[in-house]
Amino acid sequence: MGHLVPLTFALPILGAALSLLAARHQRVQRIINLVSLAAGLALSIALLVQVERDDAAVVAHIGGWSSRIGITYVVDRLSGMLLVIAFATMLLVLVFAIAQDTGDERSPYYHPAYLVLAAGIAAAFSTGDLFHLFVAFEVLLMASYVLLTLNGRPGQVRSGTTYVIINSIESMLLLSAIGLVYAATGTLSMADLPAALAELDPGLRTGLQVLLLVAFGLKAAVFPLFFWLPDAYPTAPSPVTAVFAGLLTKVGVYALIRTQTLLFPEEHRTLLLVVAGLTIIIGAIGAIAQDDIKRILSFQIVSSIGFMVMGLGIGSPAAIAATVFYLLHQIPTKTSLFLVEGVIEDSEGTGALDRLGGLAHRSGTLAVLFALPALSLAGFPPFSGFVGKLGLVTSGVDRGQYALVAVALVGSLLALVSLGKIWLGAFWGRAEEVPDGSEKKGILRDRLGMATATAVMVALGLTLAVAAGPLYALCERTATDLTTPGRYAAQVQADERADE
Amino acid sequence: MSVPLALLIGVLFACGTYLMMHRTMTRIILGFGVLGNGVNLLIISTGGLPGDPPILGAEAGRLADPVPQALVLTAIVIGFALQAFLLALAWRNWTLDGNDEVEDDISDRRLAERSPAGLEDATEDEAGRLDARTEASGGEAD
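Residues numbered from 1 in each chain as written. Chains lettered and ligands numbered in written order. Predicted model: local features only at pLDDT ≥ 70, side-chain atom pairs only at ≥ 80, totals over all residues. Heavy atoms only, no water.

Peer 1: Explain the overall build of chain A to me, please; I cannot follow it from the model alone.
Peer 2: For chain A, the count of helices and strands is 21 helices and 2 strands. When the backbone C-alpha atoms are referred to their principal axes, chain A occupies close to 75 × 55 × 40 Å. Buried positions account for 64% of the 500 residues belonging to chain A. In chain A, the share of contacts with a sequence separation of at least 24, taken over all contacts with a separation of at least 6, comes to 81%. By element, 67% of the accessible surface of chain A is carried by carbon and sulfur atoms, the whole surface being about 16500 Å². Of the charged side chains in chain A, 30 are positive and 35 negative; the average position of the first set lies 6 Å away from that of the second. (Helix = DSSP H or I, 4+ residues; strand = E, 2+ residues; numbered from the N terminus. Buried < 20%, exposed > 50% of the residue type's maximum accessible area, 1.4 Å probe, protein only. Contact = heavy atoms within 4.5 Å. Areas by Shrake-Rupley, 256 points an atom, 1.4 Å probe, with all protein chains shown as cover. Lys, Arg positive; Asp, Glu negative; His and termini not counted. Charge placed at Lys NZ, Arg CZ, Asp CG, Glu CD.)

Peer 1: Looking at this model, I keep getting lost on the pattern of salt bridges. Mind explaining?
Peer 2: Side chains carrying opposite charge are able to pair once their charged atoms draw close together. All names here are of chain A. Enumeration over the complete set of coordinates arrives at 14 salt bridges over all chains. Arginine 77 is paired through a salt bridge with glutamate 52; the nearest N and O atoms lie 2.7 Å apart. Here glutamate 52 lies in helix α2 (residues 26–54) and arginine 77 lies in helix α3 (residues 77–100), a separation of 25 residues in the sequence. Judged by its relative accessible area of 4%, arginine 77 falls in the buried class. (Salt bridge = Lys/Arg side-chain N within 4 Å of Asp/Glu carboxyl O.)

Peer 1: Explanation requested: the pairing of strand β2 (residues 72–75) of chain A in the structure shown.
Peer 2: Each regular strand carries side chains that alternate between the two faces of the sheet. All names here are of chain A. With burial as the criterion, each face of β2 is covered, one bearing Thr72 and Val74 and the other bearing Tyr73 and Val75. Here strand β1 (residues 58–61) runs beside β2; their pairing, made up of 4 bridges, is antiparallel. Each bridged residue has a counterpart across the sheet, and for valine 58 the counterpart in β2 is valine 75. (Pairing = 2+ DSSP bridges.)

Peer 1: Explain the environment of threonine 279 of chain A here, please?
Peer 2: Residues and elements named next belong to chain A. With respect to the helices and strands, threonine 279 occurs in helix α12 (residues 269–289). Threonine 279 sits in the buried class, given a relative accessible area of 0%. The sequence separation of threonine 279 and valine 222 amounts to 57 residues, and the corresponding C-alpha distance is 5.8 Å. If we ignore the near neighbours within four places in the chain, the residues touching threonine 279 are Ala221, Val222, Phe223, Val302, Ser303 and Gly306. Among the polar contacts made by the side chain of threonine 279, one reaches the main-chain carbonyl oxygen of valine 275 at a distance of 2.5 Å. (Polar contact = N/O pair within 3.5 Å; in protein donor to acceptor, adjacent residues only side chain to side chain.)

Peer 1: What am I meant to see in the packing of helix α9 (residues 202–220) of chain A against helix α11 (residues 238–262) of chain A here?
Peer 2: When two helices pack together, their arrangement is given by the angle between the helix axes and by the axis-to-axis distance. Residue and element names in this part refer to chain A. At a minimum axis separation of 7 Å, α9 and α11 run at an interaxial angle of 160°. Judged on the interaxial angle alone, α11 and α9 are roughly antiparallel. Crossing hand, α9 versus α11: left-handed. Contact residues: α9 offers Gln209, Leu213, Phe216, Gly217, Lys219 and Ala220, while α11 offers Leu248, Thr249, Gly252, Val253, Ala255, Leu256, Thr259 and Gln260. The residue inventory of the contact of α9 with α11, partitioned by class, reads 7 nonpolar, 6 polar and 1 charged. (Axes fitted to C-alpha atoms, helices over the stretch in contact; angles between N-to-C directions. Parallel < 35°, antiparallel > 145°, perpendicular 65-115°, else oblique. Left-handed = near helix turned anticlockwise from the far one by under 90°. Nonpolar A, V, L, I, M, F, W, Y, C, P; charged D, E, K, R; others polar.)

Peer 1: Would you mind going over the interface of chain A and chain B with me for this structure?
Peer 2: Many analyses report the size of an interface as the accessible area lost when the parts associate. Counting from both sides, the interface comprises 34 residues of chain A and, opposite them, 35 residues of chain B. Between chain A and chain B the total buried area reaches about 2800 Å² when both faces are included, carbon and sulfur atoms providing 78% of it. Among the residues chain A hides against chain B, the three largest losses belong to Arg158, Met172 and Tyr182 of chain A. Together they make up 22% of the total. Put simply, chain A and chain B have 0 salt bridges between them. (Buried area = accessible area lost by both parts, 1.4 Å probe.)

Peer 1: Can you help me understand helix α20 (residues 468–483) of chain A in this one?
Peer 2: One turn of the α-helix equals 3.6 residues, which is why residues spaced by three or four share an orientation. Residue and element names in this part refer to chain A. In this model α20 runs 21 Å from its N-terminal to its C-terminal C-alpha over 16 residues, within 8% of the 22 Å that 1.5 Å per residue would give. Taken as a whole, α20 has its buried residues at Ala468, Leu471, Tyr472, Leu474, Cys475, Thr478, Ala479, Asp481 and Leu482. Along the long axis of α20, the arc covered by the buried residues comes to 165°, so they all point the same way. (Expected span 1.5 Å × (residues − 1). Arc of directions from axis to C-beta.)

Peer 1: Would you mind showing me how to read the packing of aromatic side chains here?
Peer 2: Two aromatic rings are characterised by how far apart their centres lie and by the angle between their planes. All names here are of chain A. A full pass over the atoms with the stated rule returns 18 aromatic pairs over all chains. On the basis of an interplanar angle of 55° and a centroid distance of 5.4 Å, the ring pair of phenylalanine 325 and tyrosine 472 is categorised as tilted. Of the two residues, phenylalanine 325 sits in helix α14 (residues 317–348) while tyrosine 472 sits in helix α20, which places them 147 residues apart along the sequence. Side by side, phenylalanine 325 and tyrosine 472 carry an identical accessibility label, which is buried. (Phe/Tyr/Trp six-rings, centres within 6.5 Å; stacked < 30°, edge-to-face > 60°.)

Peer 1: Before we go on, may I ask you to explain unusual backbone geometry in this structure?
Peer 2: Only a minority of non-glycine residues have a phi that is not negative, and only a minority of peptide bonds are not trans. Residues and elements named next belong to chain A. For the bond from phenylalanine 223 to proline 224, the omega torsion is -5°, close enough to zero to count as cis. On the secondary structure map, proline 224 appears in the loop between α9 and α10 (229–232). Backbone torsion omega between proline 381 and proline 382 reads 5°, so that peptide bond is classified as cis. For proline 382, the position within the fold is in the loop between α16 (364–378) and α17 (384–398).

Peer 1: Got a minute to help me understand the packing of helix α6 (residues 130–148) of chain A against helix α7 (residues 154–185) of chain A in this structure?
Peer 2: Residue and element names in this part refer to chain A. One can describe the packing of α6 onto α7 by two numbers: an axis separation of 11 Å at closest approach and a directional angle of 175°. Relative to α7, the element α6 is oriented roughly antiparallel. Where α6 abuts α7, its residues Leu130, Phe131, Phe134, Phe137, Glu138, Leu141, Ser144, Tyr145 and Leu148 lie against Gln156, Gly160, Tyr163, Val164, Asn167, Ser168, Glu170, Ser171, Leu174, Leu175, Ile178 and Val181. In the contact of α6 with α7, the residues fall into 13 nonpolar, 6 polar and 2 charged.

Peer 1: Can you help me understand the side chain of lysine 389 of chain A in this one?
Peer 2: Residues and elements named next belong to chain A. Assignment of secondary structure puts lysine 389 in helix α17. As a buried residue without a salt bridge, lysine 389 has its nearest oppositely charged side chain in aspartate 398, at a separation of 19 Å. A polar side-chain atom of lysine 389 sits 3.1 Å from the main-chain carbonyl oxygen of leucine 377. In this view, lysine 389 contacts Phe307, Tyr326, Leu377, Ala378, Gly379 and Ser412; residues no more than four positions away in its chain are not counted.

Peer 1: Quick question: what am I supposed to make of the confidence of the model for chain B here?
Peer 2: Any region with low pLDDT has predicted coordinates that should not be read closely. Residue and element names in this part refer to chain B. Here chain B averages 77 in pLDDT, and 72% of its residues register 70 or above. Per-element confidence in chain B is highest for helix α1 (residues 3–20), whose mean pLDDT is 93, and lowest for helix α6 (residues 126–141), whose mean pLDDT is 42. Quick note on the complex model: pTM equals 0.90, ipTM equals 0.87. (pLDDT = per-residue confidence, 0-100.)

Peer 1: Would you explain the confidence of the model for chain A in this entry?
Peer 2: Summing up the model confidence of chain A, the mean pLDDT is 88 and the portion of residues at 70 or higher is 96%. By mean pLDDT, the top-scoring element of chain A is helix α5 (residues 110–126) of chain A (94), and the lowest-scoring one is helix α21 (residues 487–499) of chain A (74).

If you want it as structure tokens, here you go:
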């Protein structure tokens, strides 16, 4: 099974190459894309099942080198779960994009770039090597640059420029951090680094940790490094924004969780807690100030990143379990909200709240499709957001972090306000009359494909709530893996010994 | 690591950062190149003292660490691709606007538009734009 792990990266990248060859045949491109992502999804499910059955990570040593100098691919519980949900999300959004059939999706470069993005995300989730993590980031960033500026429209170029520059600075920071880690420890393998870092001088270790935190924090858009996000995401085509919102910042969060729990356990938690509180509040307040659906949702991304950093900062196994669950809940929830926005924008031509109204009259289904993930995002029981937030809050209370818990609750309330603003502006009110007197009808009737993809996405989010019991147990096992010192190294190197 | 090399890396970082603070894309791209070279040198220098033989011709025990060289090769390729993309973006920006400046984001522009002076000042030089922004934020506090 171990030999199959690199396929999570190789399948989409091969698909991208084939897709480029078929640049003139859109239908072939679509089929290649769908098949590659479906295969990736099947493979990730198989890997997760395998990990769960053996209670051990699936490991591949590329080229047979030992983990100390070679690249390893490691799929443990955290990676496995994220791979499954990432491939499922990308597949559904692809179906949405194909059904929408706009100019962006017809570009010959859309499908290759989309697959390269999938490859980068998969590689980031499954690599066991710090430098390879950097390469995976670059692969997914490069694809995201292309998707963001696909048609070179003025707005896209303007915000794309900021996005590209910010992310190249992030790359430089990450690269220097990795260089310094190598200089200090002589290894980049995540299995060997914990032991090597523990021997270092605490000051040096703090320096390395802060550099990595800043680099990954920029990627994950935590306060004060979030400002690029609400500008960059809304200008992309809706399906692209949906994938970015669902997955890109979460890759940063994954990197934060991985490095923080594995390399620097129990260090500088206070910094993380302060950052988390500020991210939650600033993101939520920023969302209220906006008057465009995409911009409100973009600030919401920032706010919910704060919740994950909060769990990471609290750091107890219970908090990490809640963080992982919240991370899993965020991906389908955010994506489905952006897909609903995509339907609205496709139908009305705008996402500005002052030009929308009365959508609930015209399509009750669409309103429900928006309301379900929105309530989940705000943390209403019995949705998955509630389960995640409950876990975070209880673990915070257990550790005596009352101030942060209060901030998180206020942040949830503010999130509800901004989502209510979308509801009031877009769904309630009287529908605009069209010139011939009849009300415009049937938003979803003409967009069955898009509606189905959105509905399945929403259903995926609901499944997380329905299956919260077993899923939360899985997250708790993941947290035990993550917080047990030496567990990761033991999993990687056990395989190495077996190979010899 | 030798002292001149450390100094050189420091200078490259400083120059690169300074250039990236500018508004014009050309300078940012140049800054990115300079900064990238600084980072690459930093990684190379982690391989130990200069002058050690590579894998072939090594006497017992002493040879240059090949891992940083492999890392740097990858980093150079990635940096090259990024610069190419940035140049293409700058070119596209130039065909759209006739300049290659990075523009203010939407919230900044909205803030500038709120102040009465903002509309005229926004088109003027950089100092004027900054003034407009301070005025706007001052106006909001009132």
